[in-house]
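# Structure assessment
What follows is each chain in one-letter form.
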Amino acid sequence: MEAGACSITVEGADQQIHLEEEHCGSSWEIVKLSALFDPTVLNPESISRMESELAGFPLSDSLSFRELGVRNWDEEWKKHIRPITINGCLWIGPTWDKPGSEYQHAVHIDPGLAFGTGTHETTYLCLEALVNQDLEGASGVDFGCGTGILGIVSCILGAHCSIGVDIDPNAVAVANQNAMQNNVEKRFKACLLEEFLNAKEFRSTKYNVVVANILAKTLIEHSRTLKDLVADQGTLILSGILASQSQAVADLYRDEFEFSVFQRGNWVALIGIRQENESGDGSIL
């Protein structure tokens, strides 16, 4: 970034892009670092400086540069966006693509400023879990909603309401726009985490399905909040977890949930059923 890169991508040996700082370290045998530069930034002096500062790392390949050339980026990026299907019944794709008639449900989500189009393993695992749930008439929370894809899909699959929660105002705006795009804006609404936690009904309302596709560290930090959201016999879906982190996350929730573990690549989703609360506190929305 100091050399003027517009963006940087860090990939591990498994070719997965990791988002947590704790996993961008010596535990990786191979790291590929890609940086995008405006060509006016690169000159012999800046290249020499980068080569000098990278000399302290055990590089198997030398620093290389490739010119991307002039392209129509508005059209170029669309080539890499492909629809996905879940269990043969749910189609998810961008607005410029159309599903076949064989799919029972269709959701349009355009990639943009918020995370979640269904292609990443963590989101895919959550979508599989939702498709396998009986959501008819259910209520839900999409905690860390990003594009709102999981809450919107819940409504498409029959939930009578779902709340999206995020800390990013851009994500909240995108999620609500996507809800309108898919005609579920009367059943899905996204809001900021602070607004959600300060709502009067927050402490007394329980939900049938709570899904949180966020990072393991955040799942640990918000474990009490997430537990409190789930109704007796309700379902909690936790994702965004590396396989090496699954035990630590599960242990924190296991006092109230019995989990099944599902894995895709290096990522894990924990799907748990809440055990009955004998106190009977709280109402189900």
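Read on for an overview of the structure. (Residues numbered from 1 in each chain as written. Predicted model: local features only at pLDDT ≥ 70, side-chain atom pairs only at ≥ 80, totals over all residues. Heavy atoms only, no water.)

### Thoughts on the environment of Val-261
The criterion, for reference: Note on conventions: DSSP H or I runs of at least 4 residues are helices, E runs of at least 2 residues are strands, and numbering of each starts at the N terminus. Between two residues, a contact is recorded if the distance between any of their heavy atoms is within 4.5 Å.
By the element assignment, Val-261 lies in strand E11 (residues 257–264). C-alpha separation for the pair Val-261 and Ser-246, spaced 15 residues apart in sequence, amounts to 8.6 Å. If we ignore the near neighbours within four places in the chain, the residues touching Val-261 are Val-268, Ala-269 and Leu-270.

### Quick look at the side chain of Asp-166
The following threshold applies: Think of it in three bands: residues with accessible area under 20% of the maximum for their type are buried, residues over 50% are exposed, and the middle band is partly exposed, with areas taken using a 1.4 Å probe on protein chains only. We score Asp and Glu as negative and Lys and Arg as positive, and we do not count His or the chain ends. We count a salt bridge whenever a side-chain nitrogen from Lys or Arg sits within 4 Å of a carboxyl oxygen from Asp or Glu. Polar contact criterion, stated in full: a pair of N or O atoms within 3.5 Å, where within protein one must be able to donate a hydrogen and the other to accept it, and residues adjacent in sequence count only if both atoms are side-chain atoms.
Looking at where Asp-166 falls in the secondary structure, it is placed in strand E7 (residues 161–166). Nearest to the buried, unbridged Asp-166 among oppositely charged side chains is Lys-189, at 14 Å. In this structure the side chain of Asp-166 is engaged in a polar contact, spanning 3.3 Å, whose partner is the backbone nitrogen of Cys-145. Among all residues touching Asp-166, those that are not within four sequence positions of it are Gly-144, Cys-145, Gly-146, Ala-171, Val-172, Cys-191, Leu-192 and Leu-193.

### A few points about the side chain of Asn-178
Mapped onto the elements, Asn-178 comes out in helix H5 (residues 169–181). With sequence-adjacent residues up to four places away left out, Asn-178 is seen in contact with Ile-109, Asp-110, Thr-147 and Ile-152.

### Remarks on a nonpolar patch on the surface
Operational definition: Excluding any residue in a salt bridge, patches collect residues exceeding 30% relative accessible area, merging like charges within 9 Å and nonpolar Val, Leu, Ile, Met, Phe, Trp and Tyr side chains within 5 Å. The method behind every accessible area is Shrake-Rupley, applied with a 1.4 Å probe, and residues are considered shielded solely by the protein chains displayed.
A grouping of Met-1, Ile-8 and Leu-33 is seen on the molecular surface, where their side chains present a nonpolar patch of about 320 Å² in accessible area. Position of Met-1 among the secondary structure elements: in the segment before strand E1 (7–11). Residue Met-1 is classed as exposed on the basis of its relative accessible area of 62%.

### A closer look at the nonpolar core
This is how the line gets drawn: In plain words, nonpolar cores are sets of buried Ala, Val, Leu, Ile, Met, Phe, Trp, Tyr and Cys residues tied together by side-chain atoms within 4.5 Å.
In this structure, Leu-90, Ile-92, Leu-127, Leu-130, Val-153, Phe-188 and Ile-237 are the most contacted members of the largest nonpolar core, which totals 32 residues. Those elements giving two or more residues to this core turn out to be strand E3 (84–86), strand E4 (90–93), helix H3 (121–131), helix H4 (149–156), H5, strand E8 (188–192) and strand E9 (205–213). When residues in this core are grouped by element, the largest group, six residues, is from H3. If sequence neighbours within four positions are ignored, Ile-92 has contacts with Pro-83, Ile-84, Val-107, Thr-117, Leu-127, Ile-149 and Val-153.

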